[in-house]
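Listed below, chain by chain, are the residues.
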Amino acid sequence: MTGWAMALFQRDLRLSVRIGGSALVGVLFFLAVVTVIPFGVGPDLNLLARIGPAILWIGALLATLLGLDRLFQADREDGTLDLMMMAGRPLELVILIKCLAHWIATGLPLVVAAPLLAIFLNLDPVSMGAVTLTLLVGTPALTLIGAIGASLTVSLRRGGLLLAVLVIPLAIPVLIFGVSSADAAIHDPVPFLTPFLILCALTLIAAVVGPIASAAALRFSAD
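Worth saying up front: this structure is predicted, and the values here are computed from it rather than measured.

Thresholds, definitions, all that
- Residues numbered from 1 in each chain as written.
- Predicted model: local features only at pLDDT ≥ 70, side-chain atom pairs only at ≥ 80, totals over all residues.
- Heavy atoms only, no water.
- Helix = DSSP H or I, 4+ residues; strand = E, 2+ residues; numbered from the N terminus.
- Rg over C-alpha atoms; globule rule 2.2 N^0.38 Å.
- Buried < 20%, exposed > 50% of the residue type's maximum accessible area, 1.4 Å probe, protein only.
- Contact = heavy atoms within 4.5 Å.
- Areas by Shrake-Rupley, 256 points an atom, 1.4 Å probe, with all protein chains shown as cover.
- UniProt positions renumbered as here; feature names shortened; annotations may be inferred.
- Core = buried A, V, L, I, M, F, W, Y, C linked by side-chain atoms within 4.5 Å.
- Axes fitted to C-alpha atoms, helices over the stretch in contact; angles between N-to-C directions.
- Left-handed = near helix turned anticlockwise from the far one by under 90°.
- 1 Å grid on protein atoms, 1.4 Å probe; cavity = no way out; pocket = protein on both sides within 12 Å on 5 of 7 lines; lining within 4 Å.
- Points joined across faces, edges and corners; volume = space filled by probe spheres on them.

Explanation requested: the overall build of the protein chain in the structure shown.
Helix and strand counts for the protein chain come out as nine helices and zero strands. In sequence order, the secondary structure elements of the protein chain are arranged as α-α-α-α-α-α-α-α-α. Computed over its C-alpha atoms, the radius of gyration of the protein chain comes to 18 Å, within 12% of the 17 Å expected for a compact globule of 223 residues. Counting only C-alpha atoms and orienting by the principal axes, one finds that the protein chain spans roughly 55 × 30 × 30 Å. A total of 223 residues make up the protein chain; the buried ones form 46% of that total. Long-range contacts, defined as pairs at least 24 residues apart, comprise 80% of the intrachain contacts of the protein chain with a sequence gap of at least 6. Carbon and sulfur atoms make up 72% of the accessible area of the protein chain, which amounts to about 10,600 Å² in all.

Now the structure itself:
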């Protein structure tokens, strides 16, 4: 990683921790989702263990949405985004670096917290490992997909709700194969590797398509 890329990564990592969607806020929201749902489901431990991976994935998706609206908005407000676009560096690479920093600050803590929160859902160690692994592979795709929504709503004052409306439908395939992978490891209806490899492929596709689509949206909003 070149000097300017490392400087951008470190800057965005600091900003991601300081601004609204910090690691602590995301983990607390994740905790709230995971602890509230069992109250609605009831005290059936077998049922909680069966739907536990889905609950953790839905919580991770909603927690990921918290800080996405600030991914580009803060840079747009202080003029940094315009300077980045005029600097002559590939905007797609800039966006990819920003997404990586944002995921490390907000997505990785969710992955670390998942095994602890899985205890509330009566998951065994194998289930905890499967869910954690799928979240580690799949949550970067959620951030990259969210970058598309963030770039489309960057010029809006209150784009958080519209961002969620745009991102959630695009994130459904990641959610489906993330939960399917964890279920395959737990209940073994299909081989674990099949949905897991599809989840890996979705993340790689998002790593290519996400920055390209986000860069196109940012250039359009700047015109």
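Sorry if this is basic, but what is going on with the environment of Leu163 here?
Note on placement: Leu163 falls in helix 8 (residues 160-187). For the pair Leu163 and Asp12, spaced 151 residues apart in sequence, the C-alpha separation works out to 20 Å. For Leu163, the contacting residues outside a window of four places in its chain are Leu68, Asp69, Gly146, Gly149, Ala150 and Thr153.

What is the right way to read the UniProt feature "transmembrane region" (unreviewed entry) in the protein chain from this model?
Mapped onto the present numbering, the UniProt feature "transmembrane region" (unreviewed entry) falls at residues 21-41, 47-72, 93-120, 126-148, 160-180 and 192-218. As annotated, residues 93-120 has a helix share of 93% and a strand share of 0%, and its two end C-alpha atoms lie 39 Å apart. Each end of residues 126-148 is marked by a C-alpha atom, and these two atoms are 34 Å apart; helix forms 100% of the span and strand 0%.

In this structure, what is going on with the nonpolar core? I would like to understand it.
Soluble, globular proteins show a tendency: their nonpolar side chains are buried together. Phe30, Leu56, Trp57, Phe72 and Leu123 are the most contacted members of the largest nonpolar core, which totals 56 residues. Secondary-structure elements contributing two or more residues to this core are helix 1 (3-18), helix 2 (23-41), helix 3 (45-65), helix 5 (80-86), helix 6 (91-118), helix 7 (125-152), helix 8 and helix 9 (193-222). With twelve residues, helix 6 is the single largest residue contributor to this core. Excluding residues that lie within four positions of it along the chain, Leu56 makes contacts with Phe30, Val34, Ala114, Leu117, Ala118, Leu121, Leu123 and Val131.

Explain the packing of helix 3 against helix 6 here, please?
Helix-helix packing is described using two parameters, namely the angle between the two axes and the distance between the axes. It is the contact of helix 3 with helix 6, at a shortest axis distance of 11 Å, that shows an interaxial angle of 145 degrees. Classified by chirality, the crossing of helix 6 by helix 3 is right-handed. Facing Leu56, Ala60, Ala63 and Thr64 of helix 3, the residues of helix 6 in contact are Leu110, Ala114, Leu117 and Ala118.

Looking at this model, I keep getting lost on the layout of surface pockets. Mind explaining?
Here the idea is plain: a probe the size of a water molecule rolls over the atoms and shows the empty space left. Approximately 180 Å³ is the volume attributed to the largest pocket. Lining the largest pocket are Ile145, Ile148, Leu170, Pro173, Val174, Leu202, Ile205, Ala206, Val209 and Gly210. When contributions to the lining of the largest pocket are tallied by element, the ones reaching two or more residues are helix 7, helix 8 and helix 9. Looking at which element gives the most residues to the lining of the largest pocket, the answer is helix 9, with five residues.

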